[in-house]
Amino acid sequence: MNTVKKYVVFLNESIKNDISLLGGKGASLCEITKSGFPVPKGFCLTTDAYKEFIIKNDLYDFLSKSLKGLKLEDVSKIGKLIRDKINNSLIPDYIKIEIVKAIRDLGTEKFYAIRSSATAEDLTYASFAGQQDTYLNIRGEKSIVEKVKACFASLFTDRALLYRIQNKIESENVYMSVVVQEMIQPDISGIMFTADPVSGRRDMISIDASYGLGEALVSGLVSSDIYKFNKKDLKIEEKIISNKKIAISSLKDGGTKQSEVAEDKAALQALDDDKIIKLSELGMKIEAHYLRPQDIEWCISGGLIYILQSRAITSLFPIPSPMPCDDALHAYFSFSHGQVMTDPISPMGISMIQAILPFNKNIRSSNECQYVVSAGGRVYIDLNPVVQIKPLRKRMGGIIKNIDLLMGEALESLVNREDFYRFIKRDRKIALRLFKFMFPIAVSSFKNVLSDDLSNSVQKIDDYVKDRIKLKKEAIYKLSQGIQRLEGLQDILNFAEDIHNLLPFIIPAVLNFKILQKSEHTLLKEAKYVDLIAKGLEGNITTTMGLKMADLADKIRKSKELLDEFQNEDHISLFNRLHNLKGHENFLKDFDAFIEKYGMRGASEIDIKSTRWNENPEALVKSMLAIVKTSKEDIHNKDYANTIKEAEDASKRFIEEVESKRGKLKAKKIRKQIYIFRNTMPIREHPKYLIMNYLDISKKVILEEAKGLVLKGFLECEEDVFYLNYWELCQAVRENKDMRDLILQRKEEYRYYKKLSPPRVMTSNGEKITSSYKKDNIPKDAIAGIAVSSGVVEGIAKVILNPNESSIDKGEILVAPFTDPGWTPLFINAAGLVMEVGGLLTHGTVVAREYGIPAVVGVTDVTKLIKTGQRIRVDGNLGFISIL
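Thresholds applied
Residues numbered from 1 in each chain as written. Predicted model: local features only at pLDDT ≥ 70, side-chain atom pairs only at ≥ 80, totals over all residues. Heavy atoms only, no water. Helix = DSSP H or I, 4+ residues; strand = E, 2+ residues; numbered from the N terminus. Rg over C-alpha atoms; globule rule 2.2 N^0.38 Å. Buried < 20%, exposed > 50% of the residue type's maximum accessible area, 1.4 Å probe, protein only. Contact = heavy atoms within 4.5 Å. Areas by Shrake-Rupley, 256 points an atom, 1.4 Å probe, with all protein chains shown as cover. Lys, Arg positive; Asp, Glu negative; His and termini not counted. Charge placed at Lys NZ, Arg CZ, Asp CG, Glu CD. Pairing = 2+ DSSP bridges. Axes fitted to C-alpha atoms, helices over the stretch in contact; angles between N-to-C directions. Parallel < 35°, antiparallel > 145°, perpendicular 65-115°, else oblique. Left-handed = near helix turned anticlockwise from the far one by under 90°. Nonpolar A, V, L, I, M, F, W, Y, C, P; charged D, E, K, R; others polar.

**Topic: the overall build of the chain**
Piece 1. Per the secondary structure count, the chain includes 34 helices and 26 strands.
Piece 2. Taking 2.2 N^0.38 as the reference for a compact globule, 884 residues should give roughly 29 Å; the C-alpha atoms of the chain span a radius of gyration of 32 Å, in line with that estimate.
Piece 3. Counting across all 884 residues of the chain, residues that qualify as buried make up 57%.
Piece 4. For the chain, the proportion of contacts with a sequence separation of at least 24, taken over those separated by at least 6, is 70%.
Piece 5. Total accessible area on the chain is roughly 39400 Å²; 51% of this is exposed by carbon and sulfur atoms.
Piece 6. Averaging the locations of the 128 positively and 118 negatively charged side chains of the chain gives two centres separated by 3 Å.

In structure tokens:
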């Protein structure tokens, strides 16, 4: 059936507000006009008119050829070529007639604003603001038609083409609508954000205001007044009055002019308090209509407020979901930062973390997750059960500093704020449940502190972990395949029991590490032993993995046949190829044992979606080959043995110096603290290892069910299942539900989340809590971070963003956004470590100390500040990096 083409749509016309017909701006203006908000009258020239213009001027093939494979360096040349071609083309007469008729309906003597409205602007995840052109104060039918064509051409401005390339939007599939609106001659104009774009606070409106047209503000010609309005208290909270020296106003015969504002008026408050309140109230109504924070262009003329545009604020980091049911202020810390993995996590990955952790027992949907929530594709933990208890509130920041210094300091600054203390919820039942959960852990931890027999702690926990993995596998595979087995995952994989068995060893380790640091400072007035004592901790499951991998590399270097197989870039077939290889049974036995124990590891492994070594060993192979290429045989074991000896020598010297200066009793205490620390700290990585095994079991079950959904046509491919959450998958299997549309939406969300920088700490009203390092005692041009593994090293930087795609040569310094156990193979060759996130007890830090390499972490944007090939100095004593 042929669809009738529509070239003109008035803003108040009763049609569907379709972005594909009206563009982002046009659809939004139609929506708010019909909803009763005060919008200047006007109409949209639709994308049908634009397409007709392209067809009648034979521009489709020209555009296709010009835009196909467009590269960044060619944007300026190609953009000008296209714009010239469009400007030299003619708008068909039958479209001109429609434009002129619409102008006459509104009034030919009036002035108009002609505004571009592309189909790829004002979208949910990308605003594209200012990418195309606007023409103000235009009068006359001929002039308006010419400006319409100029708007068509502006679809191909350099900035618009660059923006679409960066956001992976095909320019050939973007079309232009044009909005023609009556021109308001404003006394005051500006922008209103219904959530504070700087702090992220959803309870705060931010208004920028200046005299005349808003172009002066948008183009940066003038500093505007800034007003903050508290939506909760319904009052003006802050006013910053600027000196508004310049205004842009309309000329009598068309166009605009720039003029100076009288000195006595320039420093006055542009908007009086009554107008600030009325404008804020209007903003809240518009936000309520769209159900999300809005970026609103407004103006005031003759005392009346007009809305010129409303679009979603796409720069805000999303607030945690689900939101708390009460109206208290909640504090959240980033579990993703705690796990040193700041990339977005898939919906399935988030839901599996929610199911495994003990805070959300027996939940049946993501909306029931009360304390482990998601925001912007990351996992956040609600700290309100903890911070309502005064002793825990005071210590929480200090505890979190061990994970990430900036996160701990941000949390401290938040919980000490008067407004936070005033608005947190106090719930005795939650506090009691927390006490009941933690009390047996505290008792067992205290027993371990008093114990004189901790020497077999690592073996004990090794055996426990092995038994638990076997038990969980048997339990899950006893259930029938299908919905019974799938639903059984949630109960079988709950981590509460494991926390009660593992934390009593880890808590004494952490406490004694802090006690040793304090004791050294108190007793000896300097720090020279504890950092060394913290290195070479025998039995850390991740460190052992790295050493065993290097052992395998040593065997590969001795055999041309093995080397050939590992250098074959068909990595997926490696396992089959090795099993078909004759005469290498001993290597194969060791390799199979390694994959059996560690094959579930991989980069970004807390996301169940991430590739594991047992699925694709590419990253593992590259690291092994780098060891073969740049390391000497068995050097890793010798280096590690030296690190252990250094730690043992430091322990001995520490005890002896304390005894000589402070007496035998103090020395005895130090000996006990070192004993506890070195026998329990290696267990620090076991919980993560166990969880990764649980996720490995889960992934196999989930992919089994995904295969069935693909056969039924409810998924496009098995891997798409990871864009559903766990409970949605259960529903799909139970109800035979088609999930393809939801998955397309989730993929778009995921791409958007990758662009966002997650805050370490945030509140339930969206406020991002930040902190920064103190830069005392470091060189002037140095990059500050936190020292986590002592020593100073100079070397060539190797910036790696994805360990699956890179390897590191012996002596290079690894510079990374974060590391988890999937990165461990890179540590064997690394001479030093620099990370964007991390703290004293995060994975990369622990492994760096155990391998004895200097490390500085928590360096924001360091992967952008440092380039591969630069020579740098990493000072793991004072906590800074110098680019040499």
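**Comments concerning the environment of Leu406**
Piece 1. Here Leu406 shows up in helix H15 (residues 405–415).
Piece 2. On the basis of relative accessibility, which here comes to 6%, the residue Leu406 falls in the buried class.
Piece 3. In this structure, the C-alpha to C-alpha distance between Leu406 and Tyr726, residues 320 residues apart in sequence, is 32 Å.

**Structural notes on the sheet that holds strand E15 (residues 372–375)**
Piece 1. Taking strand neighbours across the sheet as the criterion, the 5 strands line up as E15-E16-E14-E17-E18 in an open arrangement whose pairing is antiparallel. Strands at the two margins of the open sheet, each flanked by one partner only, are E15 and strand E18 (768–769).
Piece 2. Note: strand E17 (residues 761–763) against E18, 2 bridges, orientation antiparallel. Paired with Met762 across the strands is Lys768, a residue of E18.
Piece 3. Strands in contact with H15 are strand E14 (331–334), E17 and E18; relative to E17, the strand with the most contacts, it is inclined by about 30°.

**Comments concerning the pairing of strand E2 (residues 42–45)**
Piece 1. The alternating pattern of E2 places Gly42 and Cys44 and Phe43 and Leu45 on opposite faces, both of which are buried.
Piece 2. Summarising the sheet, strand E1 (residues 8–10) and E2 pair through 3 bridges and their orientation is antiparallel. In the sheet register, Phe10 faces E2, and the bridge partner there is Phe43.
Piece 3. Two elements, E2 and strand E5 (residues 176–182), share 4 bridges in a ladder whose sense is antiparallel. Considered in E5, the bridge of Gly42 is made with Gln181.

**Observations concerning the packing of helix H4 (residues 75–87) against helix H7 (residues 158–166)**
Piece 1. Between H4 and H7, the shortest axis-to-axis distance is 9 Å and the interhelical angle comes to 125°. The angle between the axes of H4 and H7 places the two elements in the oblique class. Where H4 crosses over H7, the handedness of that crossing is right-handed. From H4, Val75, Ser76, Gly79 and Arg83 reach across to H7, where they touch Asp158, Leu161, Leu162 and Ile165.
Piece 2. Residues of the contact of H4 with H7, tallied by class, amount to 4 nonpolar, 2 polar and 2 charged.

**What about the sheet that holds strand E12 (residues 294–301)?**
For sheets, the rule is that strands pair by backbone hydrogen bonds, running either parallel or antiparallel.
Piece 1. Strand order across the open sheet formed by 6 strands is E9-E8-E7-E6-E12-E13, with antiparallel pairing between neighbours. In this open sheet, the two edge strands, each paired with only one partner strand, are strand E9 (235–240) and strand E13 (304–312). Geometrically, the sheet is characterised by an average inter-axis angle of 20° between neighbouring strands, direction not taken into account.
Piece 2. Judged from the 6 bridges that link them, strand E7 (residues 204–211) and strand E8 (residues 225–230) form a sheet pairing that is antiparallel. Residue pairing for E8: Ile205 is matched across the bridge by Phe229.
Piece 3. Helix H10 (residues 273–290) rests against strand E6 (188–193), E7, E8, E9, E12 and E13 of the sheet, and its axis sits at about 40° to E13.

**Focus on the packing of helix H22 (residues 541–557) against helix H25 (residues 585–598)**
In a pair of packed helices, the angle between the axes and the distance between the axes together describe the arrangement.
Piece 1. Closest axis-to-axis distance for the H22/H25 pair is 11 Å, and the angle between their directions is 155°. The orientation of H22 with respect to H25, classified from their angle, is roughly antiparallel. Every pair of crossing elements has a handedness; the one defined by H22 and H25 is left-handed. Residues Ile541, Thr544, Met545, Lys548, Met549, Leu552, Lys555 and Ile556 of H22 lie in contact with H25, whose contacting residues are Phe587, Asp590, Phe591, Phe594, Lys597 and Tyr598.
Piece 2. Residues of the contact of H22 with H25, tallied by class, amount to 9 nonpolar, 1 polar and 4 charged.

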